Amino acid sequence: MSLTYLEAIREAQAQALREDPRVFIYGQDVGAFGGAFKATKNLAQEFPGRVLDSPISEDAMVGMAVGAAIEGMRPIIEMQFADFSTVGFNQIVNQAATLFWRTKIPCPITVRLPFGGTSGSGPFHSQCIEAIYAHYPGLIVLTPATVEDAYAMLLEAVALDDPVIFCEHKFLYYHLKAEKLPAEALPIGRARIAREGRDLTIVTYSAMVHEALEASKELSTEGWEIEVVDLRSVKPLDTDTIMASVARTGKLLCVGEAWPWGGVTAEIISRVTSEGFGLLDAPPQRLNAKDTPVPYHPNLWAAHRPTARSVAAAARDLLRS
Amino acid sequence: MLQTVPEIRPQNSPASAQDLHVSAYRYMLLARLLDEKFAALYRAGKIHGGVFLGRGQEALSASIGISLRKGDVFAPLIRDAAGRLAFGETVLDAVRTYLGSSLGPMRGRDGNVHRGRPHEGYLPMVSHLGAMISVVNGVLFARRLQKINGTVGAACIGDGATSTGAFHEALNQAGVERLPLVLVIADNQYAYSTHTSSQFACESLADKAAGYGVEVQTVDGTDLAACLKTVGEAVSRARRGGGPQMVTANLLRLCGHGEHDPSDYIDPKLKDSPLGRDCLKVAEDFLLQQKWMAPSRIAILRNEIIHEIEEAVARVQREPAPDPFAEEWQAISTERLNEGAEER
Amino acid sequence: MPQIPIIMPQLGESIAEANIVAFLVKAGDTVAADQNLIEVETNKATMAVTSPCGGKIEKLAAQLNESYAVGTVLGYIEASQEEAARLGLDAPQAKVSDTDRVSKGDSNGSGTRVQPTVRGLPVPANAAGASYLSPRLKARMTDLGLSAADLSGVAGSGAAGRVTVEDFEKFISHLEKHKMTAASSMRVSVADAMRRSWTRPIANVGMPVCLDPLFAYRKVARPKPGPALCALRALAVALAENTKPAGRLVGTKIVHPSSIDIGFAVEAEDGVLVPVIRDADKKLLKDLVEPYNELVELARQRKLPVNATGASIATVTNFGTFGLEWATPIPLPEQTLVLGMGAARHKPHWDSVKGQFVPIMEANLTLSFDHRVLDGGAAGRLLQRVSELMKQPEKL
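Here the residue numbering is sequential within each chain, running from 1 through the sequence in written order. Each chain takes a letter, starting from A, and each ligand takes a number, starting from 1, following the order in which they are written. Restriction of local features to residues with pLDDT of at least 70 applies here, the model being predicted, together with a cutoff of 80 or more for giving and counting side-chain atom pairs; totals for whole chains, interfaces and linings are based on all residues.

Enquirer: Residue-level account of the domain arrangement of chain A, with values.
Expert: All names here are of chain A. Per the annotation, domain bounds derive from an automatic or database assignment of domains. In terms of domain boundaries, chain A breaks down into domain 1 (3-178) and domain 2 (192-319). With centres defined by C-alpha atoms, the gap from domain 1 to domain 2 works out at 26 Å. In this description, any two residues whose backbone-derived C-beta atoms lie within 7 Å of each other are considered to be in contact. Across the contact, 25 residues belong to domain 1 and 21 residues belong to domain 2. Put simply, DSSP H or I for four residues or longer makes a helix, DSSP E for two residues or longer makes a strand, and each gets a number counted from the N terminus. Going through the elements one at a time, helix H5 (130-135), strand E6 (140-142), helix H6 (147-159), strand E7 (164-169) and helix H7 (170-175) are the ones with two or more residues in the side of domain 1 that touches domain 2.

Enquirer: Report on the sheet that holds strand E1 (residues 3-7) of chain C, specifying residues and quantitative values.
Expert: Residue and element names in this part refer to chain C. On the basis of which strands lie adjacent, the open sheet formed by four strands has the order E1-E8-E6-E3 and antiparallel pairing. With partners counted over all chains shown, the strands left at the sheet margins are E1 and strand E3 (30-31), one partner each. In short, DSSP must find at least two bridges between two strands for them to pair. By the bridge criterion, four bridges tie strand E6 (residues 55-60) to strand E8 (residues 73-78) in an arrangement that is antiparallel. Across the sheet, Lys-56 pairs through a bridge with Glu-78, a residue of E8.

Enquirer: Quick rundown of unusual backbone geometry? Include the residues and the values.
Expert: The amide bond that connects Lys-235 of chain A to the next residue, Pro-236 of chain A, takes the cis arrangement and shows omega of 0°. Here the residue pair Arg-222 of chain C and Pro-223 of chain C is connected by a cis peptide bond, since its omega of -5° sits within 30 degrees of zero. Residue position: Pro-223 of chain C is located in the loop between helix H5 (212-220) and helix H6 (227-241). Positive phi, close to 65°, is recorded for Asp-29 of chain A, a residue that is not glycine. Inspection of the secondary structure assignment puts Asp-29 of chain A in the loop between strand E2 (23-27) and helix H2 (43-46). One non-glycine residue with positive phi stands out, namely Tyr-192 of chain B, at about 55°. The topology assignment puts Tyr-192 of chain B in the loop between strand E4 (190-191) and strand E5 (194-195).

Enquirer: Give me the lowdown on the interface of chain A and chain B, citing residues and values where you can.
Expert: Interface size is commonly expressed as the accessible area that is lost once the parts come together. Tallying the contact residues gives 36 residues for chain A and 34 residues for chain B. At the level of elements, helix H3 (58-70) and helix H4 (89-103) of chain A are the ones that each hand at least two residues to the side of chain A that touches chain B. Sort the elements by how many residues they give to the side of chain A that touches chain B and H3 of chain A lands first, with nine residues. Considering only residue class, the side of chain A that touches chain B consists of 19 nonpolar, eleven polar and six charged. In the scheme used here, Gly and all other residues not listed as nonpolar or charged are polar, with Ala, Val, Leu, Ile, Met, Phe, Trp, Tyr, Cys and Pro taken as nonpolar and Asp, Glu, Lys and Arg as charged.

Enquirer: Would you mind going over the nonpolar core in detail, with residue names and values included?
Expert: The term nonpolar core refers to a set of buried Ala, Val, Leu, Ile, Met, Phe, Trp, Tyr and Cys residues connected through C-beta atoms within 7 Å. To sort residues by exposure, count the other C-beta atoms lying within 10 Å of each residue's C-beta; 20 or more gives buried, 12 or fewer gives exposed, and values between give partly exposed, all with C-beta atoms placed from the backbone. Ala-315 of chain A together with Met-28 and Val-184 of chain B are the most contacted members of the largest nonpolar core, which totals 232 residues. Among the nonpolar cores identified, the runner-up in size contains 49 residues, and Leu-214, Ala-228, Leu-339 and Phe-369 of chain C belong to it.

Enquirer: Report on the arrangement of the chains, specifying residues and quantitative values.
Expert: Taking contact number as the criterion, the leading pair out of two pairs of chains in contact is chains A and B. Over all C-alpha pairs, chain B and chain C never come within contact, reaching a minimum spacing of 20 Å.

Enquirer: Which residues make up the pairing of strand E16 (residues 314-317) of chain C, and what values do they have?
Expert: Residue and element names in this part refer to chain C. Of the two faces of E16, the one holding Ala-314 and Val-316 and the one holding Thr-315 and Thr-317 are both buried throughout. Both strand E12 (residues 262-264) and E16 contribute to a ladder of three bridges, which runs parallel. Paired with Gly-263 across the two strands is Thr-315, which belongs to E16.

Enquirer: Can you break down the packing of helix H9 (residues 239-249) of chain A against helix H10 (residues 264-275) of chain A residue by residue, with the values?
Expert: Residues and elements named next belong to chain A. Geometry is summarised by axes, namely lines fitted to C-alpha atoms with helices restricted to the contacting stretch, and by angles between N-to-C directions that run from 0 to 180 degrees. Taken N-terminus to C-terminus, the directions of H9 and H10 make an angle of 60°; their axes are 11 Å apart at the nearest point. The crossing of H9 and H10 is right-handed. In this structure, H9 uses Thr-239, Ile-242, Met-243 and Val-246 to contact H10, whose residues at the interface are Ile-268, Arg-271, Val-272 and Glu-275. Should the near helix be turned anticlockwise from the far one by less than a right angle, the crossing is termed left-handed; should it be turned clockwise, right-handed.

Enquirer: Explain the sheet that holds strand E5 (residues 46-50) of chain C to me, and be specific about the residues and the numbers.
Expert: Residue and element names in this part refer to chain C. Strand order across the open sheet formed by four strands is E5-E4-E2-E7, with antiparallel pairing between neighbours. Sheet topology places E5 and strand E7 (67-69) at the edges, where each strand pairs with a single neighbour. The mean inter-strand angle of the sheet, taken between neighbouring strand axes irrespective of direction, is 45°. Inspection of the sheet shows strand E2 (residues 17-23) paired to strand E4 (residues 36-41) by four bridges, in the antiparallel sense. Along E4, the bridge assignment pairs Phe-23 with Ile-38.

Given below as structure tokens:
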């Protein structure tokens, strides 16, 4: 049995629906149609009355989820694209994220965001906005990079009592496959060493993990061994694992598909510099998308975000310093 | 609890019109006197942040509070002191939140009208108008999924909130899902300084209901008797499965947007018109005219209420304020996932 | 005739491949532009692949019920030149993949940017190069108790020749292959003092002094003063007359010494100790002999009391005891002067009265000094005075 990242997400939702009667799924086109990406294919049939179509109302979708959570349920909201979650931004950051802090009532909602770029998707179907949600206190922000993590982390997210922003990478949906689902996994909040190395640490997440691994292969032929840290969760950030890796290598390159200003890469570098200054043999560097909206044309898109080649080039600069 | 007037709710008995009216009047008077107390404390520098009163809106607000039952869910808004009290909120909760006592329901983390007890059925508002309606929808939706029937959800908003996207999305959602939602709109003619002529283009807010497939009634918000009847019937219809109900009430805001606002933009002609009647006086006159309460009883009631409020204020003023060093500054309930970045 | 490829299109966000479920045409068929050619199925739906142009199906390379990745060539259409030109299919296709071109220093996409002065290492210019020690390197060096001076001679392979942590670790492990003995704490502290002293520009002057009067004096004097003590006392007297040469330069001021405390170097074990004669200008030479000898003894036994060292304004060193005629000692870091004396030798001296060379006992007096405080002239004058005083030991 080989399954894709998308199928793993579907399987996790099926399992959640099966095991916990409090779980339901609400989103546009998720019912009979099975979702724009087929993430809920057949689930409406298998779990009648629990996988429901919503109007195009991201604000009301999230508000409704908060109300259902207050009432004790565990809603999963599927946003059709991360880019549209901004219509529901207010309910996410001002309603869901503040409920526990203001009232002691936890808010166990999971908002699934298909995020990240695919060629030809353009400015409004490609965004990576995890940093904006991470900025608000009260939210957990996850970015699984593997089929196994997409499955395990979604299950754990639904089980958590706190609001989770679950960023699923659209490019990985069908491009990434695995042999089987894991029996156990690292808990949310722990980063994973995707590749052990010695000369430089790349800290990254989601689709960029694969670009970093590709770049590491290339650099390996030149005699450099790169360590790749897969964050898995952006908030909370596993500073310990990152710091330990930089302690081993002395050089840090942060890679993110999102825009540079105030992004995840900025947060990592800020922490490493202030807590691990003495670990650095060279100034920490980062590689992000260009500071423009995501372009539509494949030529432009391919140059807009980091790729294995640009990651390798940035790493080489750092290695030679 | 007050001695003079027993607690009467519609589902007990059936309540007589007299009992209902008297009970609602009590909540209105309590709300009015409590509001006046807050205004006074504000002018005395005892309240940090804003003070928002419901003067002029008490009849409508008390009507929805009293028509709901324990077990229903209620999202009151800024000017719903009367409704909150009628639904079951205590004077202490209100005073503690306004005075920033660490013993209040929000523990100092939110203030003034941003208070509630979600598991007791009344939701603490966020400041974004219209945003609470879909949360009420969510509670009702969840109950339906859990096969809990017979409860109603109510949300109160003003004319200004009807312009927000959140209002539109939530009402649409309630209509599509046919939820037992009662949306009470207090059209008090002004959203802060903006007259309704700049707020919406249709003749009346009631015109909007058709667009959402929602039943609507319009009522004179200054007339308690009319409000009790109209709102009560809307709640009953919703409870019986009649789908979402909208009630729009016409009245005039008899105070500033907040106590910091002198509101001299309010058209004096409106103040002199029937719209500008003080619903508390109208309710009192009606009680007296119907001989449902004697003037002496009203006077005693007033004194009891003043006494209750003053005791509450005196008590709360002796209570501790939140201590930043004793706070656990955690926004996530799962301990191990809190970053505690500040300690770094 | 141009051969136009039939390409598997991208039939949805994140779709990677599609399955061929039906061929609607076969090789040899004539087709029009936009005509449906092949039915494919993705995870979402069944759709048709359309013809890029009019022409004849030259070849269909795909198999029924097989999956092909987006971008795969499924077949070819033979089109007329005019048709290909009309549809712009005859121009060479720009290769999308080469946009992986990365310009150096443009990793974050900023256009114009101040180029770093050091390749790949965007540090400020004045921190670049061989003197730049990264925080990690500094931390490592602190762990091992090393300072920047210990890195002199280490080849740096980093940008602009800086010493990287790798270079450093190689250096340390290289050293570990050699015989190593522990440096005593005395050695380490002398090393540190010399390194700190050397941050100043040190210069040296010297002149011979005739020791015959001193040796004559010694024959009758009780107790007997040594030549070094004599030099010390002479220096004290000379400095009491003019304290400026022993002053310290701090910013734009010369800080003059307040008391004439002069130290003298005593070799002890692995280093040098410097006991001090306090107020040497106020005591006569004959009264200094016993205290001096006592201090020498205590020094040799490493039993000097705390107040017997430190806070001196100049040092005297008798390197002549090692057989050296000439040396260039380094003043202590907190001092401006060190007076040295070489071994006494018989030397021919021109006696203009007798008109011939006569033998005398002579030694070189050297003055090593902080050239920021005094120049050769002042140094020479001081030595002259000391020499003068040493030739009248009975007056010291």
